[in-house]
Amino acid sequence: MNPELVESGKGLAVAEEGCLSFPGVYVEIKRPRWAKVRARDLEGNTVEVDGDGLLGRALQHEHDHLTGKLMIDLVGTIKKEVIKRKMKRWHAEHDGEKPAAATPSLPELV
Ligand SMILES: [Zn+2]
């Protein structure tokens, strides 16, 4: 609960990222190679998770969501417009459908 990105570093790396918020969109994002997140468990104890590579990238990506930042906010203006057009096409083709990889509903998690 209440995760904070407390540290990141060990150089920068560029890698392709996707996001359930943008089905079918993959963009190269430059991020620190390593990140550490501090949070609370269900008993209120402080827990820390850190990782590099894909885990470090995922920690930063998910933390971005909690601060209202999406991967579209990390790309340039032209790429952002390309993504917006792609998402308009996606919505036109899938009107009324849920994305295949949508967040599972509560009964699926239990
Ligand atoms: Zn995401």
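Going by an unreviewed UniProt entry, the chain carries the name Peptide deformylase and comes from Nannocystis pusilla. One UniProt comment on the chain, placed under Sequence similarities (unreviewed entry), says "Belongs to the polypeptide deformylase family."

Residues spaced three or four apart along an α-helix face the same direction, because each turn holds 3.6 residues. Across its 17 residues, helix 2 (residues 77–93) extends 25 Å between first and last C-alpha, which sits within 8% of the 24 Å expected from 1.5 Å per residue. Those residues of helix 2 lying buried are Ile83, Met87 and Trp90. End-on, the buried residues of helix 2 take up no more than an arc of 60°, which puts them together on one face. More than 90 degrees from the buried face of helix 2, the exposed residues found are Thr77, Ile78, Arg85, Lys88 and Ala92. Lining the buried residues of helix 2 we find strand 2 (22–40).

Counting through the fold element by element, Gln60 comes out in helix 1 (residues 53–66). In contact with Gln60, not counting residues within four places along its chain, are Leu5, Arg31, Pro32, Trp34 and Ala35.

Sheet analysis places strand 1 (residues 4–19) next to strand 2, joined by 13 bridges and oriented antiparallel. Counted as the bridge partner of Cys19 is Phe22 from strand 2. The antiparallel pairing of strand 1 with strand 2 creates a hairpin that spans two residues between the two strands. Where strand 2 meets strand 3 (residues 46–52), seven bridges bridge the pair, whose relative direction is antiparallel. Looking across to strand 3, one finds that Val37 is bridged to Val49. Counted along the chain from strand 2 to the antiparallel partner strand 3, the turn is five residues long, and its residue Gly44 has a positive phi close to 90°.

For a metal with four tetrahedral donors the ideal donor-metal-donor angle is 109.5 degrees, while six octahedral donors give ideal angles of 90 or 180 degrees. Within the protein, Cys19 (SG), His61 (NE2) and His65 (NE2) serve as the donor atoms for the zinc ion, at 2.0 to 2.2 Å. All donors of the zinc ion belong to a single chain; written as a sequence motif, their spacing is C-x41-H-x3-H. Taken together, the positions of Cys19 in strand 1 and His65 in helix 1 put the pair 46 residues apart, joining distant regions of the chain.

Turning next to the sheet that holds strand 2. Sheet strands pair via backbone hydrogen bonds, and the direction of the pair is either parallel or antiparallel. If you walk across this open sheet you meet the three strands as 1-2-3, and the pairing is antiparallel. Taken across any chain shown, the strands that pair with only one partner, and hence form the sheet edges, are strand 1 and strand 3. This sheet shows a mean twist of 30° between the axes of neighbouring strands, independent of strand direction. Each of strand 1, strand 2 and strand 3 touches helix 1; the most contacted strand, strand 2, lies at about 95° to it.

Thresholds, definitions, all that
- Residues numbered from 1 in each chain as written.
- Predicted model: local features only at pLDDT ≥ 70, side-chain atom pairs only at ≥ 80, totals over all residues.
- Heavy atoms only, no water.
- UniProt positions renumbered as here; feature names shortened; annotations may be inferred.
- Helix = DSSP H or I, 4+ residues; strand = E, 2+ residues; numbered from the N terminus.
- Expected span 1.5 Å × (residues − 1).
- Buried < 20%, exposed > 50% of the residue type's maximum accessible area, 1.4 Å probe, protein only.
- Arc of directions from axis to C-beta.
- Contact = heavy atoms within 4.5 Å.
- Pairing = 2+ DSSP bridges.
- Donors = N, O, S within 2.8 Å, 3.2 Å for Na, K, Ca; no water.
- Axes fitted to C-alpha atoms, helices over the stretch in contact; angles between N-to-C directions.

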